[in-house]
Amino acid sequence: MNKYVWAGLVACLSVSQALAGEVTVGEAWARATAPGQDAAAVSMRITSQRDASIVAVSSPVANSAEIHSMVHEDGMMKMRALDVLPLKAGREVALGDGGNHLMLIGLKKPLAAGDSVELTVTVQFADKRKEKVEVKAEVRPLTATHDHMHMHHH
Ligand SMILES: [Cu+2]
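Further remarks concern the side chain of E22. Mapped onto the fold, E22 is located in the loop between helix 1 (3-19) and strand 1 (23-31). Judged by relative accessible area, E22 falls into the buried class, the value being 14%. Side-chain polar atoms of E22 contact the side chain of R129, separated by 3.1 Å. When neighbours within four sequence positions are excluded, E22 is seen to be in contact with T47, S48, Q49, R50, F125, R129 and E131.

On to the pattern of salt bridges. Here the idea is simple: oppositely charged side chains can pair when their charged atoms come close. Applying the stated criterion to the full structure yields nine salt bridges. Ionic pairing is found between D115 and K109, a salt bridge with its closest N-O pair at 3.8 Å. The class of K109 is partly exposed, set by a relative accessible area of 47%. Here the salt bridges share partners, and the residues they tie into one network are E22, R50, D127 and R129.

Quick notes on the rules
Residues numbered from 1 in each chain as written. Predicted model: local features only at pLDDT ≥ 70, side-chain atom pairs only at ≥ 80, totals over all residues. Heavy atoms only, no water. Helix = DSSP H or I, 4+ residues; strand = E, 2+ residues; numbered from the N terminus. Buried < 20%, exposed > 50% of the residue type's maximum accessible area, 1.4 Å probe, protein only. Polar contact = N/O pair within 3.5 Å; in protein donor to acceptor, adjacent residues only side chain to side chain. Contact = heavy atoms within 4.5 Å. Salt bridge = Lys/Arg side-chain N within 4 Å of Asp/Glu carboxyl O.

Spatial relationships are all this shows, so hold off on functional conclusions.
Encoded structure:
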């Protein structure tokens with residue numbers, strides 16, 4: 001089978017699984033970007049009903065999306081990309097509240113207030129089953145408070 005057809009089938013299947021509500025995402029938003037800015041942080045809250053991990057994030061508006069964690073190293077705050085982000089059953093994980101955050105890297109166009117950013121969050125459960133969760137993040141004006149003002153060096 002052509003792999004693109006296969007990918008389409010997986011996507012359809014995954015949407016129905018997402019509706020089953022094992023993984024829920026709320027309060028997804030991003031701040032509008034300044035001219036020349038090619039990376040943006042997205043905040044969201046994710047809860048999985050079972051132990052799982054976020055194994056991938058993608059968005060059509062960016063070349064890549066990474067989950068970063070802030071780490072203290074040699075007295076400096078640095079960001080480290082995480083391969084997986086664990087989700088404990090029933091416990092909400094907040095991305096964007098200072099510690100872990102989601103970064104869109106290589107924005108294809110600026111994010112403007114009022115737009116929405118589509119994201120696909122891929123979650124894998126302990127039994128290796130995967131669920132793709134479609135998320136729409138609202139873009140808020142630049143002046144919206146956001147605790148993500150550190151420098152990015154990608
Ligand atoms: Cu970052």
